[in-house]
Structures are given as C-alpha cells and as structure tokens.
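Architecture at a glance
Take a look at the letters that make up each chain.
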Amino acid sequence: GIASHVEEENIPGTWVYLSSKDGDLRSIEQCAAIFEKHKPTHVIHCAALVGGLFINKRHNVEFLTENIQLNHNLLQCCKDFNVTKLVSLSSTCVFPEKLEFPTSEEFMHEGPPHPTNGGYAYS
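Residues numbered from 1 in each chain as written. Predicted model: local features only at pLDDT ≥ 70, side-chain atom pairs only at ≥ 80, totals over all residues. Heavy atoms only, no water.

Looking at the confidence of the model for the chain
Residues of the chain with pLDDT of at least 70 account for 99%, and the chain-wide mean is 87. No element of the chain has a lower mean pLDDT than helix H1 (residues 2-9), which averages 74, and none a higher one than helix H2 (residues 28-38), which averages 97. (pLDDT = per-residue confidence, 0-100. Helix = DSSP H or I, 4+ residues; strand = E, 2+ residues; numbered from the N terminus.)

Right under this line is the structure:
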C-alpha cells in the first residue's frame with residue numbers, strides 16, 4: 001500500500017493515514033474537522049462507499065449520492081484549506097462493461113459501466 005511505498009522509498013514529510021473511523025467524509029463538518037486537525041498540503045483520496053456486486057446493484061442510488069457528497073466535501077475542503085495537490089484514485093468498476101484487458105484510463109469513457117456498478121461508477 002501507500003504506507004509501505006513511503007517507507008521503502010524514504011519519502012520525506014509527515015504522512016497521516018486515516019480511515020472511516022477518523023471521520024465521515026459525507027459530513028462537511030467532519031471532513032472540515034479532519035482538515036483543520038491535520039492541515040494537509042497534499043491529499044491522496046482513496047475513500048468511497050463501496051460494496052460488491054449485489055450490494056452495488058441493490059443500492060445504486062445510495063452509492064451515487066453518498067459518493068458524490070463525499071467527493072464534493074473532500075474537494076471543497078481541499079480548496080478551503082489550500083491543499084497544494086490532490087490525487088483521487090478510481091476503480092476498474094468505472095470502466096465500460098465490455099473492455100479488453102489490460103487497459104488504461106483513456107478507455108474509461110468508451111461505454112457505460114456494468115449496470116450493477118452504475119451508482120458507484122458515475123459518482
């Protein structure tokens with residue numbers, strides 16, 4: 001993961017690793033409190049509400065709206081707290097259903113994602 005890479009490469013700086021236990025990014029107040037506490041200059045954004053095939057299928061709208069809220073709050077806090085760099089990660093779930101592998105991000109919009117991942121993918 002990121003932590004082992006930072007350690008192996010001896011990347012300078014103070015690194016803070018957070019999880020959902022540290023705050024709910026769907027809440028702008030909790031998201032802002034995290035930024036206020038840690039005052040990050042750089043953010044690697046890996047957070048998302050994710051499930052799996054059947055959970056995604058049953059909760060498509062919930063995954064869409066909650067992930068949009070989470071992403072919006074994070075972007076807003078990066079702006080408000082003058083973050084220098086934001087890197088947002090994605091998932092293979094956002095790629096079109098019919099795609100040859102290996103692939104790259106240039107093919108991400110070559111068609112709609114699998115219907116069971118729509119809410120998550122479009123957020």
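Read on, since the account is not over.
So, a nonpolar patch on the surface
Taken together, the side chains of Ile2, Trp15, Tyr17, Ile44, Val87 and Leu89 define a hydrophobic patch exposed on the protein surface, amounting to about 510 Å² of accessible area. Mapping leucine 89 onto the fold places it in the loop between strand S2 (85-88) and helix H5 (118-122). For leucine 89, a relative accessible area of 48% gives the class partly exposed. (Patch = residues over 30% accessible without salt bridge, like charges linked within 9 Å, V, L, I, M, F, W, Y side chains within 5 Å. Areas by Shrake-Rupley, 256 points an atom, 1.4 Å probe, with all protein chains shown as cover. Salt bridge = Lys/Arg side-chain N within 4 Å of Asp/Glu carboxyl O. Buried < 20%, exposed > 50% of the residue type's maximum accessible area, 1.4 Å probe, protein only.)

Points about the layout of surface pockets
What the largest pocket holds in volume is close to 1,100 Å³. In this structure, the largest pocket is lined by 32 residues; those nearest its centre are Val16, Tyr17, Leu18, Val43 and Ile44. Among the elements of the structure, H2, strand S1 (42-45), helix H4 (60-80) and S2 are those that each provide at least two residues to the lining of the largest pocket. Looking at the lining of the largest pocket, the element that brings in the most residues is S1, giving four residues. Of the residues in the lining of the largest pocket, the class split is 19 nonpolar, nine polar and four charged. The space that makes up the second largest pocket amounts to roughly 310 Å³. Together, 15 residues line the second largest pocket, and His45, Asn71, Leu89, Ser90 and Ser123 are the ones closest to its centre. If you list the elements that add at least two residues to the lining of the second largest pocket, you get H4 and H5. (1 Å grid on protein atoms, 1.4 Å probe; cavity = no way out; pocket = protein on both sides within 12 Å on 5 of 7 lines; lining within 4 Å. Points joined across faces, edges and corners; volume = space filled by probe spheres on them. Nonpolar A, V, L, I, M, F, W, Y, C, P; charged D, E, K, R; others polar.)

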